[in-house]
Amino acid sequence: NVVHHALEKFCQLFETGAETNEEKRSCWQNITDKKRDELLRKINSEIIEKSGINVSEEPKMQSVFSRILSTVTKASDMIILMMKRGKYDIYANEMEFEDFSVSGASGDVLFHGIIDRLDVFEEDGKTKIRIVDYKTGDKKFNLADALNGIDLQLIVYAMAAEKLIGGNSEISGFFYNSLKKKVASCKNPEEVASEVSKLYKLAGTVVEKMLDNTYEIKTGADMDCELISTQFSSFLPLKLTTKGVYDRYSSVQNPEFMNEIYRNVRNVASEAAHAVEEGDVRVYPYVTSSKDSCKFCPYASVCMYDHCRGVEINTGQHGRELLNEIKKNNQ
Ligand code: SF4
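Since the structure is predicted, the reported quantities are computational estimates derived from the model, not experimental observations.

Chemist: What's the story with the side chain of Arg130 in this structure? I'm lost.
Modeler: Here Arg130 is to be found in strand S3 (residues 126–135). Overall, the relative accessible area of 0% leaves Arg130 in the buried class. Each residue touching Arg130, except ones within four places of it in the same chain, is listed here: Met82, Met83, Tyr88, Arg117, Leu118, Asp119, Ser172, Gly173, Phe175 and Met223.

Chemist: Got a minute to help me understand the packing of aromatic side chains in this structure?
Modeler: Each aromatic ring pair is described using two quantities: the centre-to-centre distance and the angle formed by the ring planes. Under the counting rule described, the total for this entry stands at nine aromatic pairs. A ring pair is formed by Phe10 and Phe14, whose centres lie 5.5 Å apart and whose planes are at 40°; its orientation type is tilted. Linking Phe10 with Phe14, this pair stays in helix H1 (residues 2–14), spanning four residues, or about one helical turn. Note on Phe10: relative accessible area 0%, which makes it buried. Residue Phe14 is classed as buried on the basis of its relative accessible area of 4%. Pairing Phe14 with Trp28 gives two aromatic rings, centres 4.4 Å apart and planes at 15°, and the pair type is stacked.

Chemist: In this structure, what is going on with the packing of helix H10 (residues 255–277) against helix H12 (residues 317–329)? I would like to understand it.
Modeler: To characterise two packed helices, one gives the angle between the axes of the helices and the distance between these axes. Contact pair H10 / H12: the axes reach a minimum separation of 10 Å and the direction vectors enclose 150°. Between H10 and H12 the crossing geometry is right-handed. Of the residues in H12, those in contact with Phe257, Glu260, Ile261 and Asn264 of H10 are Leu322, Leu323, Ile326 and Lys327. In terms of residue class, the contact of H10 with H12 is made up of five nonpolar, one polar and two charged.

Chemist: Where do I start with the nonpolar core in this structure?
Modeler: Burial of nonpolar side chains together is a common tendency in soluble globular proteins. Phe10, Trp28 and Ile79 are the most contacted members of the largest nonpolar core, which has 42 residues in total. Within the residue set of this core, elements represented by two or more residues are H1, helix H3 (33–51), helix H4 (59–85) and S3. By residue number, the principal contributor to this core is H4, which donates nine residues.

Chemist: Explain the pattern of salt bridges to me, please; I cannot follow it from the model alone.
Modeler: Opposite charge on two side chains lets them pair, provided their charged atoms get close. One pass over the structure, following the stated rule, counts 19 salt bridges. Across the salt bridge formed by Asp145 and Lys291, the nearest N and O atoms sit 2.7 Å from each other. Highlighted residues: Asp145 in helix H5 (residues 143–147) and Lys291 in the loop between H10 and helix H11 (300–303), separated in sequence by 146 residues. Linked by salt bridges that have partners in common, Lys87, Glu123, Lys128, Lys218 and Asp222 make up one network.

Chemist: Before we go on, may I ask you to explain the pairing of strand S1 (residues 89–104) in this structure?
Modeler: The side chains of a regular strand alternate, residue by residue, between the two faces of the sheet. One ladder, built from 12 bridges, connects S1 with strand S2 (residues 107–123); its direction is antiparallel. Bridging across to S2, Phe97 finds its partner in Gly113. Hairpin connection of S1 to S2: two residues between the antiparallel strands.

Chemist: Sorry if this is basic, but what is going on with H3 here?
Modeler: Two residues of an α-helix separated by three or four positions point the same way, owing to the 3.6 residues in each turn. Relative to the 27 Å expected for 19 residues at 1.5 Å per residue, H3 spans 27 Å between its end C-alpha atoms, a close match to the ideal helical length. Those residues of H3 not exposed but buried are Arg36, Leu39, Leu40, Ile43, Asn44, Ile47 and Ile48. Tucked into the core, H3 has its buried residues touching H1 and H4. Just downstream of H3 lies Gly52, where phi reads positive at about 75°.

Chemist: Where do I start with the sheet that holds strand S4 (residues 169–178) in this structure?
Modeler: Remark on secondary structure: sheet strands pair via backbone hydrogen bonds, oriented parallel or antiparallel. A sheet is described by the order of its strands in space; here six strands give the open sequence S1-S2-S3-S4-S5-S8, paired in mixed fashion. Unpaired on one side and paired on the other, S1 and strand S8 (252–253) mark the two borders of the sheet. Inspection of the sheet shows S2 paired to S3 by seven bridges, in the antiparallel sense. Following the sheet pairing, Arg117 is matched in S3 by Val132. Seen against the sheet, helix H6 (residues 153–165) touches S1, S2, S3, S4 and strand S5 (203–207) and runs at an angle of roughly 140° to S3.

Conventions we followed
- Residues numbered from 1 in each chain as written.
- Predicted model: local features only at pLDDT ≥ 70, side-chain atom pairs only at ≥ 80, totals over all residues.
- Heavy atoms only, no water.
- Helix = DSSP H or I, 4+ residues; strand = E, 2+ residues; numbered from the N terminus.
- Buried < 20%, exposed > 50% of the residue type's maximum accessible area, 1.4 Å probe, protein only.
- Contact = heavy atoms within 4.5 Å.
- Phe/Tyr/Trp six-rings, centres within 6.5 Å; stacked < 30°, edge-to-face > 60°.
- Axes fitted to C-alpha atoms, helices over the stretch in contact; angles between N-to-C directions.
- Left-handed = near helix turned anticlockwise from the far one by under 90°.
- Nonpolar A, V, L, I, M, F, W, Y, C, P; charged D, E, K, R; others polar.
- Core = buried A, V, L, I, M, F, W, Y, C linked by side-chain atoms within 4.5 Å.
- Salt bridge = Lys/Arg side-chain N within 4 Å of Asp/Glu carboxyl O.
- Pairing = 2+ DSSP bridges.
- Expected span 1.5 Å × (residues − 1).

Have a look at this one:
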C-alpha cells in the first residue's frame, strides 16, 4: 500500500540522525510546517519516480498522486499531533508478526500480520504499547464485533505485539486511524473546528487501571498531555466529566477486562479455525442493526443468500452478551 509505505518513510526521514529516544522526541517537538512540507514533497517525488509514470504526459495521474499526497499529509498531521502531545515513541512502522497462533482442528493455526505502527512508552521497568492501524476507509471499533469474531484485527495485534516486545510489556491502547476524507455536516461555522476534530478522532480504546471502582486518568494523560487541562482529547476517544473522571462515552478498558477479551477472542478465532478445517461453510451472515455483511458482498449471487428466505443470521447477540458478562464480572 503506497500510503502505508509513505508514512513509514515520513517517520524514518523525520527521525534521521536521531539516535536516542530523547533526540527522536526532540525532532517531533520542534517540527515546523516548512519541514513537514519539505519531507512530504520529497516522499511524493519518490512515489511518482518509483511508479515510472510521466505525469506531464498523463495528466489524469496527477490527480491520483495529489489524492495520495493529501491522504499522507492528513495522516502525517495525526502522527505529529500524537508525538507532540504524548510520551510515546515510535518503536516500529510496518512491523511483521507470524508466530501468534490459536489451536485448530489439526494443530496450531498461525496468524501472519503487519502492524502499521507500534509506539512504546517505558515507565517503572514496564514497556507500554500503543498500536495504530491506518485505514483508507472509515472504520469504527466495536468490542462486541471482536467477540463475535467479525473484527479480530486490533485485539490480535495487541496480543501479537505483547509477544513481539516480550519482557515486561503490556498493551495500553489500540486504534484505527481512518484516513478517509470526511465532510463536516454542521451548519454553524463556529462548530466546524469541533466537528472536524470529532470526525478525525482515532477509533479504539485506552487501557487504564481502576482505583476504587474509578478509572485512573493516567494512560490517557500519557498519550495526550492536554487531556486533563482541556477535559477532552482532540484525537483520542476520551472526555472527562466536570468531576474529572472519564465520561460514559469514553472508550476505556481495564487490564483485567483485556485478559478476558483476549481469552474470548482466542476462543472465537480457534472455533473459526476448526470450522474452516472441518469444511463448515454454511450460510450464516452477520447482520445487526448497524452492520450487514451481505450488503455489498460480491458473492451474494453465488451463495444465493436472501434476507427474506429466513436463513439463520448471526445477530451479534453472542458478543454483546459476553461483553455484558465480562463487564459485570469486572465491576
Ligand atoms: S451474501 Fe452470502 S457470502 Fe456474502 S456475506 Fe452474505 S451470506 Fe456470506
